[in-house]
Amino acid sequence: EERNVKQFRFSLEKVLEYKQESVDGLRVEYGVCMENVRRQEAVVRERRLRRAQVNEACREKEKSGMPITEARMYAMQLEALEREIAAEQSRLTQLRTLAEQKREEMVAMRQEASAIDKLREKKLTQYRSEVQKSEEKAIDDLVCARLCCR
């Protein structure tokens with residue numbers, strides 16, 4: 001059995017190897033993309049937390065009364081944080097889109113590799129069947145030759 005499998009040659013073997021290597025490479029790229037997404041999510045969370053802290057500090061100061069210049073300072077700081085949050089959120093959206101594209105590439109490549117692998121298994125099954133039939137015919141011929149020679 002093992003000898004027969006070693007003799008089996010699949011014409012698309014190199015293509016299958018390439019597809020499988022491509023899947024592995026895309027899996028790594030997707031992992032990097034997802035790590036970038038996680039980092040960017042942390043950046044957005046940190047900016048939102050900072051905005052909440054500044055907003056809370058502003059409200060506390062408002063309760064005790066604060067000069068208009070200080071109120072303007074808080075307003076400018078909050079506006080700057082809003083712009084930062086928007087920019088970081090935009091970056092996060094881009095990173096998520098890139099990660100989704102890599103995932104789709106990986107899935108498509110995996111499907112291609114799987115289709116070729118299934119074809120390989122089908123061809124291997126056919127090959128084994130042909131080998132078995134050939135061996136059975138050889139045995140039948142040998143038995144027939146021995147019976148005919150008696």
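Residues numbered from 1 in each chain as written. Predicted model: local features only at pLDDT ≥ 70, side-chain atom pairs only at ≥ 80, totals over all residues. Heavy atoms only, no water.

Another point: the pattern of salt bridges. Applying the stated criterion across every chain yields a total of 18 salt bridges. For Arg-47, the salt bridge goes to Glu-84, with nearest N and O atoms at 2.8 Å. With Arg-47 in helix H2 (residues 13-64) and Glu-84 in helix H3 (residues 68-148), this pair connects stretches of sequence that are 37 residues apart. Overlapping salt bridges, with partners in common, bring together Glu-46, Arg-47, Glu-84 and Glu-88 in one network. (Salt bridge = Lys/Arg side-chain N within 4 Å of Asp/Glu carboxyl O. Helix = DSSP H or I, 4+ residues; strand = E, 2+ residues; numbered from the N terminus.)

Moving on, we come to the packing of aromatic side chains. Note on aromatic pairs: each is described by the distance of the centres and the angle between the planes. If you walk through the whole model with that rule in mind, you get one aromatic pair. Ring plane angle 55° and centroid distance 5.4 Å describe the contact between Phe-8 and Tyr-127, whose orientation is recorded as tilted. With Phe-8 in the loop between helix H1 (2-7) and H2 and Tyr-127 in helix H3, this pair connects stretches of sequence that are 119 residues apart. We note that Phe-8, like Tyr-127, is buried. (Phe/Tyr/Trp six-rings, centres within 6.5 Å; stacked < 30°, edge-to-face > 60°. Buried < 20%, exposed > 50% of the residue type's maximum accessible area, 1.4 Å probe, protein only.)

Core analysis: the largest hydrophobic core is formed by twelve residues, namely Phe-8, Phe-10, Leu-16, Val-23, Leu-26, Met-106, Met-109, Ala-113, Ile-116, Leu-124, Tyr-127 and Val-131. Looking at this core, the elements with two or more residues in it are H2 and H3. For this core, the element with the most residues is H3, which contributes seven residues. The contacts of Met-106, once residues within four sequence positions are left out, are Val-23, Leu-26, Arg-27 and Tyr-30. (Core = buried A, V, L, I, M, F, W, Y, C linked by side-chain atoms within 4.5 Å. Contact = heavy atoms within 4.5 Å.)

As far as function goes, none of this settles anything; it's purely spatial.
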